[in-house]
Amino acid sequence: MDVISENRSHGGVQGVYSHASAVTGTDMTFAVFVPDHDDGAKLPLLWYLSGLTCTHANVMEKGEYRRLASELGLIIICPDTSPRGTNVPDDPSYDMGQGAGFYVDATESPWAEHFQMRSYIEQELPELITEQFPVDMTRQGIFGHSMGGHGALTIALRNPDRFKSVSAFAPIVSPSTVPWGQKALDQYLGNNREDWRKYDSCALIADGARVPDILVDQGMADNFLEEQLQPELLSEACKTAGIEMELNMRPDHDHSYNFISSFMDNHLRWHADRLR
């Protein structure tokens, strides 16, 4: 693991690091905030997954979490959204390729060689984090925004014994039924829609996946709300399955980090309550 930068901030250290990933076959960059703590202490950790076009830096620079994370004693981990590099396949559109990994393990050419983001987030990066940082891996939560909200929800639903909490800002809840998801899943996984179900929150719940509860914040002025996000589908799935879901529809808020930063504290406190 190489240190790109480490800076004091809000009673902790905000670091940015890179490593050679065997899973993606590329160098991967990620950010970690570690609050000050007693020697030998192990802290709960919260994974934040970013959305389309983002890197680790978007939430680190725009979605202020450090002040409260330090107060609550939470380590915050912010990975990149996809592999990157001159030899990594890309697409001219913003919603495919580099910056748009959709947290899947791609099976189709040309994506399969590098776009293994599910394995990276669920297996490889946690192993590195465990080796390098003072984390208590029995107390993990996960949240994200948009495409990252989709990633957080599906990863938590597939790994309920590992994640004690999950939340999302404006998530893509049913990628199988909306344009962003249909485009990505078809190209990354092929046209067999049964293969898509493990990457679709609503389908996972319909197939029996369960978590205790879910928190979602959604801006009502979000221009992607009706076509791409449709949080009511997740609400209906949770109601049918008996999963408690808190859906906060926020008037006048859009899809930007102005929205995320407005409610970041709510999500951090919600996770901290479940990770104690």
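Coordinates for the structure precede this section.
Summarised in this report is the structure supplied together with it. (Residues numbered from 1 in each chain as written. Predicted model: local features only at pLDDT ≥ 70, side-chain atom pairs only at ≥ 80, totals over all residues. Heavy atoms only, no water.)

### Let's talk about the packing of aromatic side chains
Keep this limit in mind: Think of it this way: a Phe, Tyr or Trp ring, Trp meaning its six-membered ring, pairs with another when their centres are within 6.5 Å, and the plane angle makes it stacked under 30 degrees, edge-to-face over 60, tilted otherwise. Every helix listed is a DSSP run of H or I at least four residues long, and every strand listed is a run of E at least two residues long, numbered separately from the N terminus.
Evaluated as defined, the whole model comprises 11 aromatic pairs. Between the aromatic rings of Tyr-48 and Phe-143, the centroid separation amounts to 5.0 Å while the plane-to-plane angle is 80°, which identifies the pairing as edge-to-face. Separated by 95 residues along the polypeptide, Tyr-48 in strand 4 (residues 43–49) and Phe-143 in strand 6 (residues 135–145) bring together distant segments of the chain. Counting every residue linked through ring pairs, the aromatic cluster contains Tyr-48, Phe-143, Phe-169, Phe-259 and Phe-263.

### Points about the pairing of strand 1 (residues 2–8)
Definition in use: Strands pair, by our definition, only if DSSP identifies at least two bridges between them.
Bridge count for strand 1 against strand 2 (residues 12–20) is six bridges, and the pairing is antiparallel. Directly across from Asn-7, in strand 2, lies its bridge partner Gln-14. Joining the antiparallel neighbours strand 1 and strand 2 is a turn of three residues, in which His-10 adopts a positive phi near 50°.

### So, the sheet that holds strand 4
As a reminder, the rule being used: Note on geometry: axes are lines fitted to C-alpha atoms, helical ones only across the stretch in contact, with angles between N-to-C directions running from 0 to 180 degrees. In what follows, residue pairs with any heavy atoms lying within 4.5 Å of each other are defined as contacts.
Reading across the sheet, the nine strands line up as 1-2-3-5-4-6-7-8-9 and stay open at both edges, with mixed pairing between neighbours. Edge positions in the sheet fall to strand 1 and strand 9 (244–250), since each of these pairs with one other strand and no more. Going across the sheet, the axis of each strand differs from the next one's by a mean of 15°, ignoring polarity. Where strand 6 and strand 7 (residues 163–169) come together, six bridges link them in parallel fashion. Looking at the pairing, Gly-141 lines up with Ser-165 of strand 7. In the packing of helix 3 (residues 117–132) onto the sheet, the strands contacted are strand 2, strand 3 (27–35), strand 4, strand 5 (75–79) and strand 6, and the crossing angle to strand 3 comes to about 50°. Running at roughly 165° to strand 7, helix 9 (residues 257–275) makes contact with strand 4, strand 5, strand 6, strand 7, strand 8 (213–219) and strand 9 of the sheet.

### Side note on unusual backbone geometry
Keep in mind that most residues, glycine aside, have a negative phi and that most peptide bonds are trans. Of note, the bond from Ser-109 into Pro-110 is cis; its omega dihedral lies within 30 degrees of zero at 5°. Position of Pro-110 among the secondary structure elements: in the loop between strand 5 and helix 3. Of note, the phi angle at His-10 is positive, near 50°, even though the residue is not glycine. You will see that Thr-53, though not glycine, has its phi angle at about 75°, which is positive. Examined against the element boundaries, Thr-53 turns out to sit in the loop between strand 4 and helix 1 (57–62).

### Some remarks on the pairing of strand 4
Note the cut-off: Burial classification: accessible surface area is computed with a 1.4 Å probe over protein chains only, and a residue below 20% of its type maximum counts as buried, one above 50% as exposed, and the rest as partly exposed.
The buried fraction of strand 4 amounts to seven of the seven residues, a majority that puts the element mostly inside the structure. With three bridges connecting them, strand 4 and strand 5 associate as parallel partners. Across the sheet, Trp-47 pairs through a bridge with Ile-77, a residue of strand 5.

### Some thoughts on the nonpolar core
Put simply, the test is: By nonpolar core we mean a set of buried residues, namely Ala, Val, Leu, Ile, Met, Phe, Trp, Tyr and Cys, connected to one another through side-chain atoms within 4.5 Å.
With 88 residues, the main nonpolar core has Ile-129 and Tyr-188 as its most contacted residues. The dominant element in this core, judged by the number of residues it contributes, is helix 9, at eight residues. The contact partners of Tyr-188, leaving out residues within four places of it in the chain, are Met-96, Gly-97, Ala-100, Gly-101, Phe-102, Val-104, Ala-106, Thr-107, Glu-108, Trp-111 and Phe-115.

### Let's talk about the pattern of salt bridges
Put simply, the rule is: Whenever Lys or Arg places a side-chain nitrogen within 4 Å of a carboxyl oxygen from Asp or Glu, that contact is recorded as a salt bridge.
Scanning the model with the defined rule gives 12 salt bridges in all. Here Asp-265 ties to Arg-67 by a salt bridge, and the two come within 2.6 Å at their closest N and O atoms. Pair noted here: Asp-265 is in helix 9 and Arg-67 is in helix 2 (residues 66–72), with a separation of 198 residues, a long-range link. Between Lys-183 and Asp-95 there is a salt bridge, and its shortest N-O distance comes to 2.8 Å. One end of the pair, Lys-183, is in helix 5 (residues 179–189); the other, Asp-95, is in the loop between strand 5 and helix 3, and 88 residues separate them in sequence. Accessibility expressed as a relative area gives 29% for Lys-183, which makes it partly exposed. For Asp-95, a relative accessible area of 9% puts it in the buried group.

Honestly, that's just the spatial picture; any functional story needs more than this.
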